[in-house]
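# Structure at a glance
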Amino acid sequence: MNSSAPVRVRFAPSPTGWLHVGGVRTALFNFLYAKKLGGKFLVRIEDTDTERSEKQYTDDILASLKWLGMNHDEPLMYQSDRGALYQQIADDLISKGLAYRCYCTAEEVEATREQMMKEGKKPMYARTCRELNHSASGSPEGRKSFAIRAKFPLHGTTSFTDMIRGEISFPNEDLDDFVMIRSNGVPTYNFVVVVDDLAMQISHVIRGDDHINNTPKQIYLYEAMNASKPLFAHLPMILGEDKKKLSKRNGETSTNAYRKEGYLPEALLNFLVRLGWSHGDQELFSIEEMIQYFDFEHVQVTGAVFNPEKLLWINGEHLKKTDSERLLTILKEDFAFNHPEVSSVYVCTLIDHLKQKVKLIKELPDQLNSLCVAGAPEVNGADLKWNKVPEQKAKIKEAIQALSNECSGIVAKNSKTTLQECGIGHTEIDTKLREICTQFGLKLGEFTQPMRLYVTGQPNSNIGLFDLLPIMPWNTVKIRIDACLKS
RNA sequence: GUCCCUAUCGUCUAGAGGCCUAGGACACUGCCUUUUCACGGCGGCGACCGGGGUUCGAAUCCCCGUGGGGACGCCA
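To start, this report covers the structure provided alongside it. (Residues numbered from 1 in each chain as written. Chains lettered and ligands numbered in written order. Predicted model: local features only at pLDDT ≥ 70, side-chain atom pairs only at ≥ 80, totals over all residues. Heavy atoms only, no water.)

### Overview of the overall build of chain A
What counts, and what does not: In DSSP terms, a helix is any run of H or I states spanning at least four residues, a strand is any run of E spanning at least two, and both are numbered starting from the N terminus. Radius of gyration: C-alpha atoms only; globule rule: 2.2 Å multiplied by the number of residues to the exponent 0.38. Burial classes follow relative accessibility: with a 1.4 Å probe on protein chains only, a residue under 20% of its type's maximum area counts as buried, one over 50% as exposed, and anything between as partly exposed. Two residues form a contact once any of their heavy atoms are found within 4.5 Å. Residue burial considers only the protein chains on display, and all accessible areas are found by Shrake-Rupley using a 1.4 Å probe.
Looking only at helices and strands, one finds 18 helices and twelve strands in chain A. Taking 23 Å as the expected radius of gyration for a compact globule of 487 residues, we find that chain A reaches 33 Å, considerably beyond that expectation. Taking the principal axes of the C-alpha coordinates as reference, chain A spans close to 110 × 45 × 35 Å. Out of the 487 residues in chain A, the part that is buried amounts to 48%. Considering only residue pairs separated by 6 or more positions, chain A has 77% of its internal contacts joining residues 24 or more positions apart. Carbon together with sulfur atoms contributes 50% to the accessible area of chain A, which is approximately 23,400 Å² in total.

### Brief notes about the packing of helix H14 (residues 390–414) against helix H18 (residues 474–486)
Where we set the bar: The angle between two axes is taken between their N-to-C directions and runs from 0 to 180 degrees, where each axis is a line fitted to C-alpha atoms and a helix contributes only its stretch in contact. Convention used here: angles under 35 degrees read as roughly parallel, angles over 145 as roughly antiparallel, angles from 65 to 115 as roughly perpendicular, and any remaining angle as oblique. Each crossing is labelled by how the near helix is turned from the far one, with a counterclockwise turn of less than a right angle marking it left-handed and a clockwise turn marking it right-handed. Under the grouping applied here, Gly and all other residues not named as nonpolar or charged are polar, the nonpolar ones being Ala, Val, Leu, Ile, Met, Phe, Trp, Tyr, Cys and Pro and the charged ones Asp, Glu, Lys and Arg.
Relative to each other, H14 and H18 sit at 160°, their axes nearing to 11 Å. Between H14 and H18, the crossing angle belongs to the class labelled roughly antiparallel. The hand of the H14/H18 crossing is left-handed. Taking contact as the criterion, the partners of Lys 397, Ile 400, Gln 401, Ser 404, Cys 407, Ser 408 and Val 411 in H14 are, on H18, Trp 474, Lys 478, Ile 481, Cys 484, Leu 485 and Lys 486. A per-class count over the contact of H14 with H18 returns seven nonpolar, three polar and three charged.

### Overview of the sheet that holds strand E5 (residues 147–150)
The criterion, for reference: Pairing between strands requires that DSSP locate at least two bridges from one strand to the other.
As summarised here, the arrangement of the three strands in space is E4-E5-E8, forming an open sheet in which the pairing is antiparallel. Two strands close off the open sheet at either side, each with one partner strand: strand E4 (99–102) and strand E8 (179–181). Ignoring strand direction, the axes of neighbouring strands in this sheet form an average angle of 40°. In this structure, E4 lies alongside E5, joined through four bridges in antiparallel fashion. When the bridges of E5 are listed, Cys 102 appears paired with Ala 147. Across the face of the sheet, helix H3 (residues 83–95) comes into contact with E4, E5 and E8 while running at roughly 125° to E8.

Pasting the structure below:
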């Protein structure tokens, strides 16, 4: 392959299941490589397995790729549209003596395979039909149905240079005369992948290393078709906790499940890119940085265990940097968040604070709801420390009342709805609270604990009281303080 | 079983013969900070699979073992 040829890569999922995170990583490495080199990222739907392919899976895969921001640069290709072409190419290879018709039944092939396994050999097709004389277009014993097999060389070696692992070679005698077209006329993966990659002018085939053993078969086909082959890069597998290939059994694999959990697409991608690839000590990457720094020299060769805890941490880090308005949009679209009674500006300010401390978007609605509703939410004040000493409780209430009165006065005088609008922010409220504590002989914690519970309306709010007081509509704060004083 | 690939903390990884007393991150953990929950800061724990070579010198190169993964379909 000419090194100056334009970079064209593809992600080729088969729609037999939801988009798997392993697939996402394969797509990502393709995507990054294309973007880095100004090439094209293409998507092909491998739906030749008519039994298992379903439209809903195609839809899910496409929707997930869109969510992740990995859009294809040219129209989709569907293999199911290309049946006639495959047949034609296969017939051509037969006429050139590079493929042949095999009249063996599936049962016969299976039987010899088992036999070879018993003999301690690699189970392969016995090549029964390889040297049949087809000139008379006759079939043995009047058999009609046949599959088309590649006439793979018996001797020598097939090798290629993998962009990640270097040279890999296979003794030809260990390679099978694989089926290109089944007896029912449907072509197989190893055949169509070559035909289609050629048609799409794919320059680099970047895929999971479970395909390493397929590569020599495909190389045979490139040579048989007299075409130059692409460059290959085989990525290490993503493993589950048990060190086996990641699957539904040993981890959550559906991309959509991560979306519903409240992961940001760029965070999932950041996590996945670091699984098997590194850029020095850097852990956090924006999409732009991934594109800028990505290279195959730093792709690992061994499988990497999927570590959900690290993904969670990465998500938290990305959340901190995410624009709150974007988070609000996600909340509305994906988490049915809807509070028309308060302004978006208020909600976004709340998110500004909460996103610093939360790890998943999913946590936001719970935190936000009780800060957005108008009245005083039910809370359980039984565990509050002030219950231990009644006279202390009375004193704290007096202090809270004093604060409430003062703030109500300020808001009323200025005809505003929040303290912030009256020029009272975090610093001012801090000072004011400390003054009142000194005045009443209280510790700050004694004062804030009940306030916090009632004003936030929840036992474990992630927003600081001093951040909340200035921005929450004062009439709401007032109602909640009153509830506190009555408790 | 046969073939292919591979081997650094529990996990993700840095490491291209001397910079390695092996660095970073997650997790775990101690302390500090603190109005709560967190965040943050400073520490701690913790690894070069084994054996042979090559070399003045090896985590790094070679060989052999062993371990791990993958592939052996008329699945993709």
